[in-house]
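Tertiary structure, described
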Amino acid sequence: MSIAIAEIFYSIQGESTYAGLPCAFVRVAGCNLDCSYCDTPAARGHGIRMTMAEIVARLGTFGCHLVEITGGEPLCQPEVPRLCRRLLRLGYRVLLETNGTYPLSLVDRRVVRIMDVKTPSSGMAGHFHMENLALLGPRDQVKFVVADEADFHWSVEFLAAHPLPRGTEVLLSPVSPRLAPRQLAEWILACRMRARLQIQLHKYLDLP
């Protein structure tokens, strides 16, 4: 069994509630969406096939027990949930970033599932798997990538219409350079929104 991998690397986690921590990343190749603001177009390619043993061995060289599986879209490949379970058994804390178009029921609940809800500016807003919202838990996080004020208000209205399970974190991230982080912060404060602003810390540090 193998998985198509775009890259495996060690860096500072730039997003989510784990921002600022050293983290090992497994970037899976391939994606089923074509977002207008995609910042990892290289991950849309075919990648290199790696066995789970090879992936685990590579992660072991970093000496880091926080791992994020990202893409592309990791759940395009059916072996990824099995990789998550294997890493959990080995004692890793596993984060999975997904675009929300595949059922979260595929993924072990012990995984921290960071799920995008695509906003209108992405061009992919209609592809979200709504049933995923009920599957979220207190360790999970929902992310809205915001390009403009229309995206922001759409996100606010989405959350009002679809309340998240208790404890689920809400993340808002500005599309760089289209939207200044300060502007998004001002909108969050103005509407008293209970959300966390994230600014892709790794980009400010000029890290991968």
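Quick summary incoming for the structure in this document. Not measured: the values here are computed from a predicted model.

Calculation rules
Residues numbered from 1 in each chain as written. Predicted model: local features only at pLDDT ≥ 70, side-chain atom pairs only at ≥ 80, totals over all residues. Heavy atoms only, no water. Helix = DSSP H or I, 4+ residues; strand = E, 2+ residues; numbered from the N terminus. Rg over C-alpha atoms; globule rule 2.2 N^0.38 Å. Buried < 20%, exposed > 50% of the residue type's maximum accessible area, 1.4 Å probe, protein only. Contact = heavy atoms within 4.5 Å. Areas by Shrake-Rupley, 256 points an atom, 1.4 Å probe, with all protein chains shown as cover. Axes fitted to C-alpha atoms, helices over the stretch in contact; angles between N-to-C directions. Parallel < 35°, antiparallel > 145°, perpendicular 65-115°, else oblique. Left-handed = near helix turned anticlockwise from the far one by under 90°. Nonpolar A, V, L, I, M, F, W, Y, C, P; charged D, E, K, R; others polar. Polar contact = N/O pair within 3.5 Å; in protein donor to acceptor, adjacent residues only side chain to side chain. Salt bridge = Lys/Arg side-chain N within 4 Å of Asp/Glu carboxyl O.

Let's talk about the overall build of the protein
A tally of helices and strands in the protein yields five helices and nine strands. For the protein, the α and β elements follow one another from N to C terminus as β-β-β-α-β-α-β-β-β-α-β-α-β-α. The C-alpha radius of gyration of the protein comes to 16 Å, within 12% of the 17 Å expected for a compact globule of 208 residues. For the protein, the C-alpha atoms occupy an extent of roughly 50 × 35 × 30 Å along the three principal directions. Burial analysis of the protein (208 residues in total) assigns 50% to the buried set. By sequence separation, contacts in the protein at least 24 residues apart represent 69% of the contacts at least 6 residues apart. Accessible surface computed for the protein: about 10,000 Å², of which carbon and sulfur atoms make up 54%.

Quick look at the side chain of S122
Checked against the element boundaries, S122 lands in the loop between β6 (112-116) and β7 (141-146). What S122 contacts, discounting residues up to four positions off in sequence, is D34, C35, S36 and Y37.

Quick word on the packing of helix α1 (residues 52-60) against helix α2 (residues 80-89)
One way to put it is that α1 packs onto α2 with a least axis distance of 11 Å and a crossing angle of 45 degrees. Our classification of the angle between α1 and α2 gives oblique. Of the two elements, α1 crosses α2, and the hand of that crossing is right-handed. Contacts between α1 and α2 involve M52, A53, I55, V56 and L59 from the first element and R82, L83, R86 and L87 from the second. Across the contact of α1 with α2, the residue classes tally to seven nonpolar, no polar and two charged.

A look at the environment of T119
Examined against the element boundaries, T119 turns out to sit in the loop between β6 and β7. Taking C-alpha positions, T119 is 23 Å from R27, a pair spaced 92 residues apart along the chain. In this view, T119 contacts Y37, A125, F144, V145, D151, W154 and S155; residues no more than four positions away in its chain are not counted. Engagement of the side chain of T119 in a polar contact is seen with the backbone oxygen of V145, the distance being 2.7 Å.

A look at the pattern of salt bridges
As enumerated under the stated definition, the model contains 11 salt bridges in all. Of the charged contacts in the structure, one is a salt bridge between D108 and R110, with a shortest N-O distance of 2.9 Å. Since its relative accessible area comes to 18%, D108 is described here as buried. Between R196 and E169 there is a salt bridge, and its shortest N-O distance comes to 3.7 Å. Taken together, the positions of R196 in strand β9 (residues 196-197) and E169 in strand β8 (residues 169-174) put the pair 27 residues apart, joining distant regions of the chain. One salt-bridge network, held together by shared partners, links E15, E97, D116, K118 and K143.

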